[in-house]
Amino acid sequence: MSNLALGYGVGRAAAAVCCRPLGEKELSAADSERIAAMFKALSDPVRLRLFSKIAAQPAREACVCDIQDVGVSQPTVSHHLRKLREAGLLESERRASWVYYRVTPGALSVLAGLLSQAA
């Protein structure tokens, strides 16, 4: 059973398991559900923009105070960030009164590898 199926999120080990191009190997039911949740989370324009803002940072990490200007209220930003965390795309850490978000290691590799062209 893969890390995704066990609910451990998307890490470096999961990237190796799940990042084969779609035309190369069939996905398991558990992996397809987990990866579909990642794409579903990114299908919202606000979530995609928030994820992009974080991923574009040099350390792929940003304070919520630096990314919350996306045209929606602060509670809505928090909701969207929670959805991205639940999908395994982001991790968060509270530092004093601010929360910092970072791209989950391996998340971009999983998505990119799945969509890359089979050799």
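Whatever comes next refers back to the structure up there.
Now for a quick tour of the structure. (Residues numbered from 1 in each chain as written. Predicted model: local features only at pLDDT ≥ 70, side-chain atom pairs only at ≥ 80, totals over all residues. Heavy atoms only, no water.)

**As for the overall build of the chain**
Link 1 in the chain: Across its full length, the chain holds seven helices and three strands.
Link 2 in the chain: For the chain, the sequential pattern of α-helices and β-strands runs α-α-α-α-β-α-α-β-β-α.
Link 3 in the chain: Relative to its full complement of 119 residues, the chain shows a buried share of 36%.
Link 4 in the chain: The long-range share in the chain, meaning contacts at least 24 apart out of those at least 6 apart in sequence, stands at 62%.
Link 5 in the chain: Accessible area of the chain: about 6,800 Å², with a carbon and sulfur share of 52%. (Helix = DSSP H or I, 4+ residues; strand = E, 2+ residues; numbered from the N terminus. Buried < 20%, exposed > 50% of the residue type's maximum accessible area, 1.4 Å probe, protein only. Contact = heavy atoms within 4.5 Å. Areas by Shrake-Rupley, 256 points an atom, 1.4 Å probe, with all protein chains shown as cover.)

**Comments concerning the pairing of strand S2 (residues 90–95)**
Link 1 in the chain: Of the strand pairs in this sheet, S2 and strand S3 (residues 98–103) are connected by six bridges, and their pairing is antiparallel. Each bridged residue has a counterpart across the sheet, and for arginine 95 the counterpart in S3 is tryptophan 98.
Link 2 in the chain: With antiparallel pairing between neighbouring strands as the criterion, S2 and S3 make up a hairpin whose turn holds two residues, including alanine 96 at a positive phi of roughly 55°. (Pairing = 2+ DSSP bridges.)

**Considering the packing of helix H4 (residues 45–55) against helix H6 (residues 74–86)**
Link 1 in the chain: Between H4 and H6, the shortest axis-to-axis distance is 10 Å and the interhelical angle comes to 75°. Judged on the interaxial angle alone, H6 and H4 are roughly perpendicular. Between H4 and H6, the residues in contact are Val46, Arg47, Leu50, Phe51 and Ile54 and Val77, His79, His80, Leu81, Lys83 and Leu84, respectively.
Link 2 in the chain: Of the residues contributing to the contact of H4 with H6, the split by class is seven nonpolar, two polar and two charged. (Axes fitted to C-alpha atoms, helices over the stretch in contact; angles between N-to-C directions. Parallel < 35°, antiparallel > 145°, perpendicular 65-115°, else oblique. Nonpolar A, V, L, I, M, F, W, Y, C, P; charged D, E, K, R; others polar.)

**Quick look at unusual backbone geometry**
Link 1 in the chain: Its identity as a non-glycine residue notwithstanding, arginine 60 has a phi of 55°, on the positive side.
Link 2 in the chain: When its relative accessible area of 42% is taken as the criterion, arginine 60 is described as partly exposed.
Link 3 in the chain: For alanine 96, which is not a glycine, the phi torsion comes out positive at approximately 55°.
Link 4 in the chain: Looking at where alanine 96 falls in the secondary structure, it is placed in the loop between S2 and S3.
Link 5 in the chain: On the basis of relative accessible area, alanine 96 is assigned to the exposed category, the value being 76%.

Function-wise, these values are silent; they only describe arrangement.
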